[in-house]
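Each chain, letter by letter, is given below.
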Amino acid sequence: MKGTGSKNAWALFLLVLAGIVLGGFIGMLAEGVSALSWLGYGQTFGLEKPIVLNLGLLVLTFGLTIKITIASIIGVVIAIIIYRFL
């Protein structure tokens, strides 16, 4: 069924998004603990300075930064495992 596949895709997307957010949060908390500081190790990608488009009446600012940490990767893997069992 077409609707069922779409629903499952949204469930997977939401679980992966939740895994990224929770993993990133755990990574930030773990940076202060010496034994778990490796969870916060990662790389940041994106624009350091936002791009500004001034159209006179309207000013648009574009910016995107993504920080990938070990904890967020673990969160994504756990989310995919949870999705498999649902």
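See the structure shown above.
Only a predicted model underlies this, so the values are computations on that prediction, with no experimental measurement involved.

Student: Lay out the overall build of the protein in plain terms, naming residues and giving numbers.
Tutor: Counting secondary structure elements, the protein contains 2 helices and 4 strands. Taken from the N to the C terminus, the helices and strands of the protein come in the order α-β-β-β-β-α. For the protein, the C-alpha radius of gyration of 18 Å lies well beyond 12 Å, the compact-globule estimate for 86 residues. Overall, the protein is about 55 × 50 × 15 Å in size when its C-alpha atoms are taken along their principal axes. Scored against the burial criterion, the 86 residues of the protein give a buried share of 13%. When contacts within the protein are restricted to residue pairs at least 6 apart in sequence, long-range pairs at least 24 apart make up 55% of them.

Student: Account for the side chain of Thr-69, naming residues and giving values.
Tutor: Residue placement: Thr-69 occurs in strand E4 (residues 65–69). Not counting the four nearest positions on each side in its chain, Thr-69 is found in contact with Gly-23, Gly-24, Leu-39, Gly-40, Tyr-41 and Gly-42.

Student: Please provide a residue-by-residue account of the pattern of salt bridges, values included.
Tutor: Per the counting criterion, the structure on display carries 1 salt bridge. Notably, a salt bridge pairs Lys-67 with Glu-31, separated by 3.8 Å at the nearest N-O pair. Of the two residues, Lys-67 sits in strand E4 while Glu-31 sits in the loop between helix H1 (2–30) and strand E1 (42–46), which places them 36 residues apart along the sequence. A residue is classified by how much of its surface remains accessible, and Lys-67, at 48% relative accessible area, is partly exposed.

Student: Explain the pairing of strand E3 (residues 59–62) to me, using residue names and the numbers behind them.
Tutor: Two strands pair when backbone bridges link them, and strand E2 (residues 51–54) and E3 are joined in this way by 4 bridges, in the antiparallel orientation. The partner of Ile-51 across the bridge, within E3, is Phe-62. Between E2 and E3, which pair antiparallel in sequence order, lie 4 residues; one of them, Gly-56, sits at a positive phi of approximately 90 degrees.

Student: Account for the environment of Leu-12, with residues named and values stated.
Tutor: Secondary-structure assignment places Leu-12 in helix H1. Judged by relative accessible area, which is 31%, Leu-12 ranks as partly exposed. In this structure, the C-alpha to C-alpha distance between Leu-12 and Ile-80, residues 68 residues apart in sequence, is 7.2 Å. In this structure Leu-12 touches Ile-80 and Tyr-83, once residues within four positions along its chain are discounted.

Student: Talk me through helix H2 (residues 70–85); I want residue IDs and the actual numbers.
Tutor: For H2, with 16 residues, the first-to-last C-alpha span of 23 Å sits near the 22 Å given by 1.5 Å per residue. What H2 keeps buried is the set Ala-71, Ser-72, Gly-75 and Ala-79. Angularly, the buried residues of H2 cover 95 degrees about the axis, an arc narrow enough to put them on a single face. Facing away from the buried side of H2, by more than 90 degrees, are the exposed residues Arg-84 and Phe-85.

Definitions and cut-offs
- Residues numbered from 1 in each chain as written.
- Predicted model: local features only at pLDDT ≥ 70, side-chain atom pairs only at ≥ 80, totals over all residues.
- Heavy atoms only, no water.
- Helix = DSSP H or I, 4+ residues; strand = E, 2+ residues; numbered from the N terminus.
- Rg over C-alpha atoms; globule rule 2.2 N^0.38 Å.
- Buried < 20%, exposed > 50% of the residue type's maximum accessible area, 1.4 Å probe, protein only.
- Contact = heavy atoms within 4.5 Å.
- Salt bridge = Lys/Arg side-chain N within 4 Å of Asp/Glu carboxyl O.
- Pairing = 2+ DSSP bridges.
- Expected span 1.5 Å × (residues − 1).
- Arc of directions from axis to C-beta.

Shape is all these values report; function is a separate question.
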